[in-house]
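Here's the letter readout for the chains.
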Amino acid sequence: VTKEEHALHDIEDLWNRRIQGQPRVELTTTCEGTDGTISSPGMPWELLTLWVNASSKQRRQGRLLRLLSQADEATLPSESVVLLIQLQMEDRSELWTETVQRLLKKISDHPSKAPFPRALCPALALLAQALFNDLKDGTCPGAEVNWSWSLLKAAADLKQCCMVLSQPAEQLIDSIQVAPSLKSFLQVCAAALRGALFMGESAVARHCAQLLLRVEEVVGAARPPRPPRPPKLEEGTNSRERSPSRESGDIAFSRAQWKLCKQVVPCAFGVSLLFMTELRAMQRRLEKMDHWSALERLGPGSTTSMLGLMAVEDICSGNWMSQLGSDMSLAWLQVDWKSSSLQISRSVDVNPERSERLLSQRLPLQSQVLRGLQDELQQLHRSNSEKIKELWQRQDKKSEAVRLEFWRSRKGFDDQLGKLVEKIQKEVLGVGRFLLAPWPQSAAAKQRVLDSLRSWLTNEAAEMADGLRLNGSLDDPEQAEHVFLLALLLIEAENLEVAELLLLLGQLWDAGRSALRRWAYSMRRHSSDLRGSLKELNEASEVPLLLYLDGVMAQLPLEACPCLRQRNVVRGLAPSITLSSLASKPVAAEATGFFVIDPAEDCAAMGDVRQLLTSWSSHGQSWHGHTGKLPEPSRVLEELCRKDVFVYLGHGERVRQLLRHEKLQVAGEVAEENDSRRAGLRSTLMLLGCSSVKIQKGSMEGDIESFGLASSALLGGAPLVLGAQWDVLGGDLDKLASRLLQRWLKEGKTSCPSRGGLLTALKDLRPKCLLPNLTGASLVCYGIPV
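Since the model is a prediction, treat every value here as computed from it, not as a measurement.

### So, the pattern of salt bridges
Reasoning step 1: One pass over the full model with this rule turns up 22 salt bridges.
Reasoning step 2: Of the charged contacts in the structure, one is a salt bridge between lysine 153 and aspartate 157, with a shortest N-O distance of 3.3 Å. Separated by 4 residues within a single helix, lysine 153 and aspartate 157 lie in helix α7 (residues 151-164), roughly one turn from each other.
Reasoning step 3: According to the relative accessible area criterion, aspartate 157 is buried, its value standing at 8%.
Reasoning step 4: Glutamate 405 is paired through a salt bridge with arginine 394; the nearest N and O atoms lie 3.1 Å apart.

### With respect to the nonpolar core
Reasoning step 1: Ranked by size, the top nonpolar core spans 222 residues in total, and within it Leu197, Met553, Phe646 and Leu659 carry the most contacts.
Reasoning step 2: The leading source of residues in this core is helix α8 (residues 182-199), at 11 residues.
Reasoning step 3: Not counting chain neighbours up to four residues away, the residues in contact with leucine 659 comprise Val636, Leu640, Phe646, Leu664, Leu685, Leu687 and Leu709.

### Describing the packing of aromatic side chains
Reasoning step 1: One pass over the structure, following the stated rule, counts 7 aromatic pairs.
Reasoning step 2: Of the aromatic side chains, those joined through ring pairs into one cluster are Trp320, Trp332 and Tyr548.

### Some words on the packing of helix α6 (residues 120-137) against helix α9 (residues 202-213)
Reasoning step 1: Running from N to C, α6 and α9 point in directions that differ by 20°, and their axes come no closer than 10 Å. Relative to α9, α6 is oriented roughly parallel. Where α6 crosses over α9, the two elements pack in a sense that is left-handed. Across the interface between the two elements, Cys121, Pro122, Ala125, Ala128, Gln129 and Phe132 of α6 pack against Val204, His207, Cys208 and Leu211 of α9.

### Thoughts on unusual backbone geometry
Reasoning step 1: Phi is positive for serine 340, close to 50°, though the residue is something other than glycine.
Reasoning step 2: Among the structural elements, serine 340 can be located in the loop between β3 (329-336) and β4 (341-347).

### A closer look at the packing of helix α17 (residues 443-459) against helix α21 (residues 513-536)
Between two packed helices, the angle of one axis relative to the other and the distance separating the axes together describe the packing.
Reasoning step 1: Packing of α17 against α21 leaves a shortest axis separation of 10 Å and a crossing angle of 155°. One element, α17, and the other, α21, form an angle in the roughly antiparallel class. Between α17 and α21 the crossing geometry is right-handed. Contacts from Ala445, Arg448, Val449, Ser452, Ser455 and Trp456 of α17 reach α21 at Trp519, Ser522, Met523, His526, Leu530, Ser533 and Leu534.
Reasoning step 2: Of the residues contributing to the contact of α17 with α21, the split by class is 7 nonpolar, 5 polar and 1 charged.

### Considerations on the confidence of the model for the protein
Reasoning step 1: Put simply, the protein has an average pLDDT of 78, and 70% of its residues get 70 or more.
Reasoning step 2: Confidence drops under a pLDDT of 50 for residues 140-149, and excluding neighbours within four residues, the segment shows 17 contacts in the predicted structure.
Reasoning step 3: Considering only residues more than four positions removed or in separate chains, one finds that residues 673-678, a stretch of pLDDT under 50, has 22 contacts.

### Some thoughts on the state of the cysteines
Reasoning step 1: Going through the model one piece at a time under the given rule, you end up with 0 disulfides.
Reasoning step 2: Cysteine 161 takes part in no disulfide bond, and the closest cysteine sulfur to it belongs to cysteine 162, at a distance of 5.9 Å.
Reasoning step 3: Take cysteine 161: its relative accessible area is 1%, and that puts it in the buried class.
Reasoning step 4: Cysteine 162 sits in the buried class, given a relative accessible area of 6%.

### Some remarks on the environment of alanine 128
Reasoning step 1: Relative to the helices and strands, alanine 128 is located in helix α6.
Reasoning step 2: The buried category is assigned to alanine 128, whose relative accessible area is 0%.
Reasoning step 3: In this structure the C-alpha to C-alpha distance between alanine 128 and valine 188, which are 60 residues apart in sequence, comes to 5.7 Å.
Reasoning step 4: Ignoring sequence-local partners within four residues, the contact set of alanine 128 consists of Phe185, Val188, Cys189 and Leu211.

### Things to note about the pairing of β3
Reasoning step 1: The element β3 is largely enclosed, with a buried count of 8 among its 8 residues.
Reasoning step 2: The alternating pattern of β3 places Ser329, Ala331, Leu333 and Val335 on one face and Leu330, Trp332, Gln334 and Asp336 on the opposite face, and all of these are buried.
Reasoning step 3: Relative to strand β6 (residues 545-549), β3 runs parallel, the two being bridged by 5 bridges. In the sheet register, leucine 333 faces β6, and the bridge partner there is leucine 549.
Reasoning step 4: Here 6 bridges tie β3 to β4, and the two strands are oriented antiparallel to one another. Residue pairing for β4: alanine 331 is matched across the bridge by arginine 346.
Reasoning step 5: As consecutive antiparallel partners, β3 and β4 are separated by 4 residues, and within that stretch serine 340 has a phi angle of approximately 50°, a positive value.

### What about a negative patch on the surface?
Reasoning step 1: A grouping of Glu601, Asp602, Glu653 and Asp727 is seen on the molecular surface, where their side chains present a negatively charged patch.
Reasoning step 2: Glutamate 601 sits in the exposed class, given a relative accessible area of 62%.

### Focus on the environment of alanine 515
Reasoning step 1: Topologically, alanine 515 is positioned in helix α21.
Reasoning step 2: Note on alanine 515: relative accessible area 10%, which makes it buried.
Reasoning step 3: Put simply, alanine 515 and glutamate 463 are 52 residues apart on the chain and 9.6 Å apart in space, counted from C-alpha to C-alpha.

Conventions used here
Residues numbered from 1 in each chain as written. Predicted model: local features only at pLDDT ≥ 70, side-chain atom pairs only at ≥ 80, totals over all residues. Heavy atoms only, no water. Salt bridge = Lys/Arg side-chain N within 4 Å of Asp/Glu carboxyl O. Helix = DSSP H or I, 4+ residues; strand = E, 2+ residues; numbered from the N terminus. Buried < 20%, exposed > 50% of the residue type's maximum accessible area, 1.4 Å probe, protein only. Core = buried A, V, L, I, M, F, W, Y, C linked by side-chain atoms within 4.5 Å. Contact = heavy atoms within 4.5 Å. Phe/Tyr/Trp six-rings, centres within 6.5 Å; stacked < 30°, edge-to-face > 60°. Axes fitted to C-alpha atoms, helices over the stretch in contact; angles between N-to-C directions. Parallel < 35°, antiparallel > 145°, perpendicular 65-115°, else oblique. Left-handed = near helix turned anticlockwise from the far one by under 90°. Nonpolar A, V, L, I, M, F, W, Y, C, P; charged D, E, K, R; others polar. pLDDT = per-residue confidence, 0-100. Disulfide = S-S within 2.5 Å. Pairing = 2+ DSSP bridges. Patch = residues over 30% accessible without salt bridge, like charges linked within 9 Å, V, L, I, M, F, W, Y side chains within 5 Å. Areas by Shrake-Rupley, 256 points an atom, 1.4 Å probe, with all protein chains shown as cover. Lys, Arg positive; Asp, Glu negative; His and termini not counted. Charge placed at Lys NZ, Arg CZ, Asp CG, Glu CD.

In structure tokens, the structure reads:
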């Protein structure tokens with residue numbers, strides 16, 4: 001038995017608290033070096049990491065700590081720094097500062113543009129976490145805390161963090177001090193995030209991004225209480241002097257925080273898919289080359305030709321948003337389990353150029369609310385399935401009484417799901433749902449919204465306009481975020497409760513309750529007048545919403561919420577996938593298609609789609625497919641690379657047999673030698689089967705990212721994937737699919753996605769299902785608007 005095997009047995013015993021006496025682990029070995037005898041770790045670093053994680057605070061941990069701290073620099077690899085920081089984070093010693101300085105020196109001495117050693121990014125992330133904890137707790141063992149609070153200084157630190165995110169990490173380290181300051185935390189965390197993105201460390205990148213998004217917790221811990229409000233002034237007295245500099249600090253901090261969110265929010269989840277997009281694009285290229293060509297392409301000086309659509313610099317700076325255009329709105333929903341909050345972010349939609357600005361708000365979540373809602377949703381679907389199975393097994397299943405009981409129970413479950421959806425909006429989205437409000441598409445309608453906002457600010461809320469320095473213009477970069485935020489609030493005010501408006505307006509400006517109430521009621525009146533004015537313009541069209549969801553939020557039927565059910569919504573997975581999909585060609589006016597209907601030959605209720613597609617295939621060569629049998633998967637992949645639309649209608653497990661994840665991700669040829677775009681799947685996929693696009697959640701806490709069939713199809717190049725989130729009735733789904741195809745491809749021939757596209761057709765037809773919640777709400781889209 002080797003030393004390593006002995007060590008593993010001891011670690012297992014230690015983990016299970018069964019170890020007695022001294023363990024048989026040799027922590028050190030000695031060897032003769034040029035400068036005499038050198039002590040160094042005698043175990044592989046992986047086993048030492050297990051040892052650290054398993055050990056309690058006992059003497060053997062101290063022995064290891066002293067060893068690592070005193071080891072010669074030449075025998076101390078990067079992995080040891082991770083162990084040192086792990087050991088010292090909870091029980092700080094006099095060696096803490098020395099350890100951190102050693103880490104920073106390793107990074108500052110690192111060659112420019114060279115990738116970090118793998119362990120340095122986790123070490124930086126641990127240091128950022130330690131600094132964050134110190135700032136939040138207001139303590140720093142072994143160091144003098146000198147925290148002079150200033151919102152304006154915090155805003156300046158945030159702006160500097162935004163700038164340094166686009167710089168190599170080794171250039172940031174020289175100015176970093178170990179003392180717990182907001183600036184030190186932001187710079188260390190930014191260095192760790194950027195390094196993780198370069199190294200492909202998705203877990204570290206997500207952790208650092210989420211830490212940066214929690215910066216308001218640090219600010220809140222150190223922020224002094226608001227000063228008492230001055231007494232009410234007499235009539236005619238100038239009230240400008242009552243606006244303290246503190247409030248201008250609030251404004252500056254909010255705008256700096258929104259700027260940071262633009263660069264960080266897209267990295268808070270979906271990072272693995274970001275990397276997979278690039279890796280699959282490279283794999284597709286390399287598979288078409290011979291061995292020598294592949295080696296030359298991967299050799300020094302040739303790596304740039306292997307890059308995909310997004311560079312790390314574009315991610316860190318947020319410049320990738322400028323490539324999207326202004327024909328869609330962007331929003332992100334992400335749960336932060338550490339702070340029990342929901343982060344809602346929204347792009348600032350400015351015409352004609354895509355704005356590179358972002359609004360963001362954190363909403364506190366009640367304890368266990370998300371777990372409770374997910375359990376309730378799963379129990380509802382479980383009860384629905386059990387009831388169907390119970391009725392199907394009855395001997396009189398074809399009787400009229402059973403048929404009536406079947407539909408009565410379906411209607412009951414449908415109503416329960418509708419109530420659950422309203423509960424999701426109230427308890428999860430909360431007041432932050434106004435950030436998901438629709439934005440007009442035409443220039444005339446946008447101007448009408450801004451004119452109405454300007455009128456409200458001038459006539460009803462002059463104090464707020466003066467304090468926030470607003471004139472109702474989106475052209476001024478200094479006020480664009482606050483103007484757009486108020487414009488969204490004005491659009492949605494009629495659908496918000498007065499108490500919700502009071503809360504939101506109070507967050508924007510510290511006014512008395514009577515003033516806030518007056519503003520809330522006047523805003524609701526202006527909102528009602530604005531809706532009537534937009535109807536007179538006959539401009540009902542809106543910009544589609546591209547909604548990025550983390551694995552937890554993706555489990556919920558958000559499109560059925562009252563605030564979104566009248567919106568054209570498509571779900572996004574990662575920025576790189578979005579840009580890659582936009583680079584592909586849109587669906588032609590006369591779309592070509594391929595279909596697979598009822599491959600198991602046991603779905604007699606699927607007659608409408610069968611009849612429609614058979615009719616289309618008999619009138620030319622643009623449509624063809626298979627009915628009643630499962631074609632070869634290779635044949636289907638070939639069609640997916642040639643046709644505009646692929647329709648599958650049948651059992652969900654069959655489509656998962658037909659479309660394999662890895663085959664989907666690397667399907668298709670590369671168009672040109674130097675073309676970085678993925679010329680893979682061409683088809684829009686309509687996967688009409690039970691749970692066909694259900695995203696499998698990795699973990700409730702988001703430690704492991706979620707994945708599904710839609711993820712693989714979008715990685716392969718498909719512009720959009722439509723499917724069901726849960727199990728549905730075949731007959732109701734068949735009727736919906738038939739109407740959807742007819743409405744989208746035959747009746748809605750237009751190049752404008754918001755007027756005649758698939759999203760509009762789906763939005764209009766969901767309520768017309770027999771079961772609008774069980775069937776209609778189950779269908780969601782991933783990708784881009786088509």
